[in-house]
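Reading the structure
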Amino acid sequence: MTTLSYTTTPDSLSQEKIAAYRQNGFVHVPGVISREEAFEFREAALAAAERLQSLSAGPVFTQNANVWREDEAMRRLTLHPNVQAVARKLAGVDLRLWHDQILIKKPQNNAATEFHQDQPYWPHADGPNPISAWIALGDVTVECGCMTFIPGSHQRTDLPMQNLGDARSLFSICPDLVWEPRVTVPLKAGDCTFHHGRCAHMATPNMTDEPRVAHIVIFMDATTRFTGVGHVVTDPLGLKAGDLLEGEMFPAVG
Ligand code: SIN
Ligand code: NI
C-alpha cells in the first residue's frame, strides 16, 4: 500500500483522535483517501448507483448496499487498506466488514436524514464496537448534506430503532438527548467521519445543484452473532440465530 499520499494513516492517527472517538462516538479524520481517489470513486459511485438496483430511493437519499460485491471500483474503496486500518485502530478490536452502502442525496433534495442510531437497524448480538467510515466523495459542506452527531450518545445502547425519516423519532424515544450539544462536521473530498453504530447522527438536506455522494463502509466486531431478525444483507444467507457473522460475505479486516 502507498501511504505517502494520505494525510492520515494508522501510524499518524493521533492518540487525541483515538481518545475523541472513544469518548464522543465519532471523529473527523482528514485525508483517509486522497482527494484524487475521492473524485475517481465519486464517478464510480454515481455510475454504480445508476446501474445497480437500489435498496431504497426516496427523498432523503438513494441507497445502494453491498456494492463491493457487484462493482470492481467500489470493491477497491470498501476494501481500501487505509480506511480499514484506520477503522481497526479507532475501534481497538478485531473487525469484519458488515456491509457498505452508497448514499446519494439528489440536488436540492430538501430532506434531512433525521437523527437515528444505526445499530438498532442491524441483526447483531455480541458486537459492542461497530464502526462506520463515512467517506466524502466530493467536498461535503453543511449546505450539501454533511453529518451532525450527538457526542456521547453511543453510550445509549438501550434504545429501540428510530425512524430516520421522522425528525421527532429519536427525541420522542429519548427526550434527554434534545438537550445535548450537536456537532456538525463538513468534510473535504477524501476525509471521513468514523462513527460508532450507537452514536446518534443526522445529515443536512442537499441545497446545492450537485449530488452529495458518500460511501459508507460499516464494520462490526469479529465476534458479532446473528440475532435471527430479518435484514436485507442476511436474509439470503440461511443463517440461524446465534451464528457468527463470518465467511466471505463478512471479510476480516487486516
Ligand atoms: C446520510 O449520509 O444521509 C446518512 C448517513 C447515515 O445515516 O449513516
Ligand atoms: Ni445512519
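Computed from a predicted model, the values in this text were never measured in an experiment.

A look at the sheet that holds strand S9 (residues 183-185)
- Across the sheet, which stays open at both edges, the 4 strands sit in the order S5-S11-S8-S9 with antiparallel pairing between neighbours. Among the strands making up the open sheet, the edge pair consists of strand S5 (113-116) and S9. If you compare each strand with its neighbour and ignore which way they point, the axes differ by 20 degrees on average.
- As paired elements, S5 and strand S11 (residues 201-203) share 2 bridges and run antiparallel to each other. Bridge pairing in S11 places His116 opposite His201.

With respect to helix H4 (residues 81-91)
- Every buried residue of H4 is accounted for by Asn82, Val83, Gln84, Val86, Ala87, Leu90 and Ala91.
- Looking one or two residues past H4, Gly92 carries a phi angle of roughly 75 degrees, positive in sign.

Re the coordination of the nickel ion (ligand 2)
- In the first shell of the nickel ion (ligand 2), the protein supplies His116 (NE2), Asp118 (OD) and His201 (NE2), at 2.0 to 2.1 Å from the metal.
- Judged by its relative accessible area of 4%, His116 is buried.
- For His201, a relative accessible area of 4% puts it in the buried group.

Observations regarding the packing of aromatic side chains
- Enumeration according to the criterion identifies 3 aromatic pairs in this entry.
- With centroids separated by 4.5 Å and ring planes inclined at 5 degrees, the aromatic side chains of Phe26 and Phe149 adopt a geometry described as stacked. Of the two residues, Phe26 is situated in strand S1 (residues 26-29) and Phe149 in strand S8 (residues 147-149); the sequence distance between them amounts to 123 residues. Assigned by exposure class, Phe26 and Phe149 land together as buried.
- Ring centres of Phe115 and Phe171 lie 5.5 Å apart, and the angle between their planes is 75 degrees; this geometry places the pair in the edge-to-face category. Here Phe171 lies in helix H5 (residues 169-173) and Phe115 lies in strand S5, a separation of 56 residues in the sequence. Take Phe115 and Phe171: they sit in the same class, and that class is buried.
- Of note, Arg69 hangs over the ring of Trp68, and the distance from its end group to the ring centre comes to 5.0 Å.

Brief notes about helix H2 (residues 35-51)
- With 17 residues, H2 extends 24 Å from end C-alpha to end C-alpha; this agrees with the ideal 24 Å at 1.5 Å per step.
- Restricting attention to buried positions, one finds in H2 the residues Glu37, Ala38, Phe41, Arg42, Ala44, Ala45, Ala48 and Ala49.

Quick word on the side chain of Glu114
- You can see Glu114 is positioned in strand S5.
- One buried charged side chain, Glu114, makes no salt bridge at all; its nearest oppositely charged neighbour is Arg182, positioned 7.7 Å away.

Some details on the pattern of salt bridges
- A full pass over the atoms with the stated rule returns 8 salt bridges.
- Here Asp139 and Arg35 are joined by a salt bridge, their closest N and O atoms 2.9 Å apart. Pair noted here: Asp139 is in the loop between strand S7 (131-136) and S8 and Arg35 is in helix H2, with a separation of 104 residues, a long-range link.
- Take Asp139: its relative accessible area is 38%, and that puts it in the partly exposed class.
- The salt bridge partner of Asp126 is Arg225, with a shortest N-O separation of 3.9 Å. Placement of the pair is Asp126 in the loop between strand S6 (124-125) and S7 and Arg225 in strand S13 (residues 225-226), with a sequence separation of 99 residues.

What counts as what
- Residues numbered from 1 in each chain as written.
- Chains lettered and ligands numbered in written order.
- Predicted model: local features only at pLDDT ≥ 70, side-chain atom pairs only at ≥ 80, totals over all residues.
- Heavy atoms only, no water.
- Pairing = 2+ DSSP bridges.
- Helix = DSSP H or I, 4+ residues; strand = E, 2+ residues; numbered from the N terminus.
- Axes fitted to C-alpha atoms, helices over the stretch in contact; angles between N-to-C directions.
- Buried < 20%, exposed > 50% of the residue type's maximum accessible area, 1.4 Å probe, protein only.
- Donors = N, O, S within 2.8 Å, 3.2 Å for Na, K, Ca; no water.
- Phe/Tyr/Trp six-rings, centres within 6.5 Å; stacked < 30°, edge-to-face > 60°.
- Lys NZ or Arg CZ within 6 Å of the ring centre and 35° of its normal.
- Expected span 1.5 Å × (residues − 1).
- Lys, Arg positive; Asp, Glu negative; His and termini not counted.
- Salt bridge = Lys/Arg side-chain N within 4 Å of Asp/Glu carboxyl O.

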